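So the chains spell out like this:
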Amino acid sequence: MTAPDAVHAQLSPPSELEDALSHLQCVLVARRTATNPEGINWQQYDVLETLRIRGAMNPSRLSESLGVSRQTASKALRVLKDLELIEQAALGEDKREHTTSLTPKGHAFLASAARSRQENVRAAVEVLSPGEQAMFTEMCQKVADSIDTLLR
């Protein structure tokens, strides 16, 4: 038996919960892909959301806010600048330091993403009673918190 066959033989069939989580993840990613023609990845999206929430900031502060290296933040900023979703301007007389902010196109992108999330909420509201919505919300938060601990 080859190594991949041995690993496959040791895996048990997925549970209904595993299948349900996997399917939900696939559907949500497919929805995000369909409503993201710019091809923004999650890290770039986080940059845009941070700028929306906190306002203009320099790249050092932005990288600290996101918990990523300055190099990683700079890479995301280059892509977003090329897509004209952000703009950078020199701060004061020191031309080396820049402040980064959303452009109108960046604000429009985030508004579109918000509309997509709201459409997902409306779809959930159509099939869940108010009580089920409350339970689903609580369960999603519990599972997200538990999965989040795996990242640490």
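Residues numbered from 1 in each chain as written. Predicted model: local features only at pLDDT ≥ 70, side-chain atom pairs only at ≥ 80, totals over all residues. Heavy atoms only, no water.

**Comments concerning a nonpolar patch on the surface**
So the rule is basically this: Nonpolar side chains (Val, Leu, Ile, Met, Phe, Trp, Tyr) within 5 Å and like charges within 9 Å form the patches, drawn only from residues with over 30% relative accessible area and no salt bridge. Values of accessible area rely on a 1.4 Å probe in the Shrake-Rupley scheme; residue burial ignores everything except the protein chains shown. We count a salt bridge whenever a side-chain nitrogen from Lys or Arg sits within 4 Å of a carboxyl oxygen from Asp or Glu. Put simply, DSSP H or I for four residues or longer makes a helix, DSSP E for two residues or longer makes a strand, and each gets a number counted from the N terminus.
Nonpolar side chains collect at one region of the surface, where L17, L21, V143, I147 and L150 lie side by side and expose about 480 Å² of accessible area between them. Elements with a contribution of two residues or more to the nonpolar patch: α2 (16–34) and α7 (130–149). Among the secondary structure elements, L150 is positioned in the segment after α7.

**Here's the deal with the state of the cysteines**
Stated formally: For this text, the term disulfide refers to a pair of cysteine sulfurs within 2.5 Å.
The final tally for this structure, using the stated rule, is zero disulfides. Among the cysteines around C26, which has no disulfide bond, C140 carries the closest sulfur, lying 16 Å off.

**Considering the pattern of salt bridges**
Going by this rule: In this scheme, a residue with accessible area under 20% of its type's maximum is buried, one over 50% is exposed, and one in between is partly exposed, where area comes from a 1.4 Å probe on protein chains only.
According to the stated counting rule, one finds three salt bridges in the structure shown. Among the salt bridges present, the one from E119 reaches R31, with a minimum N-O distance of 2.9 Å. Placement of E119 in helix α6 (residues 104–127) and of R31 in helix α2 is noted, with a sequence separation of 88 residues between them. Ionic pairing is found between K142 and E138, a salt bridge with its closest N-O pair at 3.7 Å. Highlighted residues: K142 and E138, both in helix α7, separated by four residues, approximately one helical turn. What makes K142 exposed here is its relative accessible area of 55%.

**Examining the packing of helix α3 (residues 42–54) against helix α5 (residues 70–82)**
To be explicit about the condition: Fitted lines through C-alpha atoms give the axes, limited to the stretch in contact for helices. The angle between two N-to-C directions lies from 0 to 180 degrees. Here is the rule for angles: anything less than 35 degrees is roughly parallel, anything more than 145 is roughly antiparallel, 65 through 115 is roughly perpendicular, and the remaining ranges are oblique. Any pair of residues with heavy atoms lying within 4.5 Å of one another is described as a contacting pair. Note on residue classes: Ala, Val, Leu, Ile, Met, Phe, Trp, Tyr, Cys and Pro are nonpolar, Asp, Glu, Lys and Arg are charged, and everything else, Gly too, is polar.
For the pair α3 and α5, the least separation of the axes is 10 Å and the interaxial angle reads 85°. With respect to α5, the element α3 is oriented roughly perpendicular. When α3 is examined against α5, the residues Q43, Q44, V47 and L48 are found in contact with a partner set consisting of T72, A76, L77, V79 and L80. In the contact of α3 with α5, the residues fall into six nonpolar, three polar and no charged.

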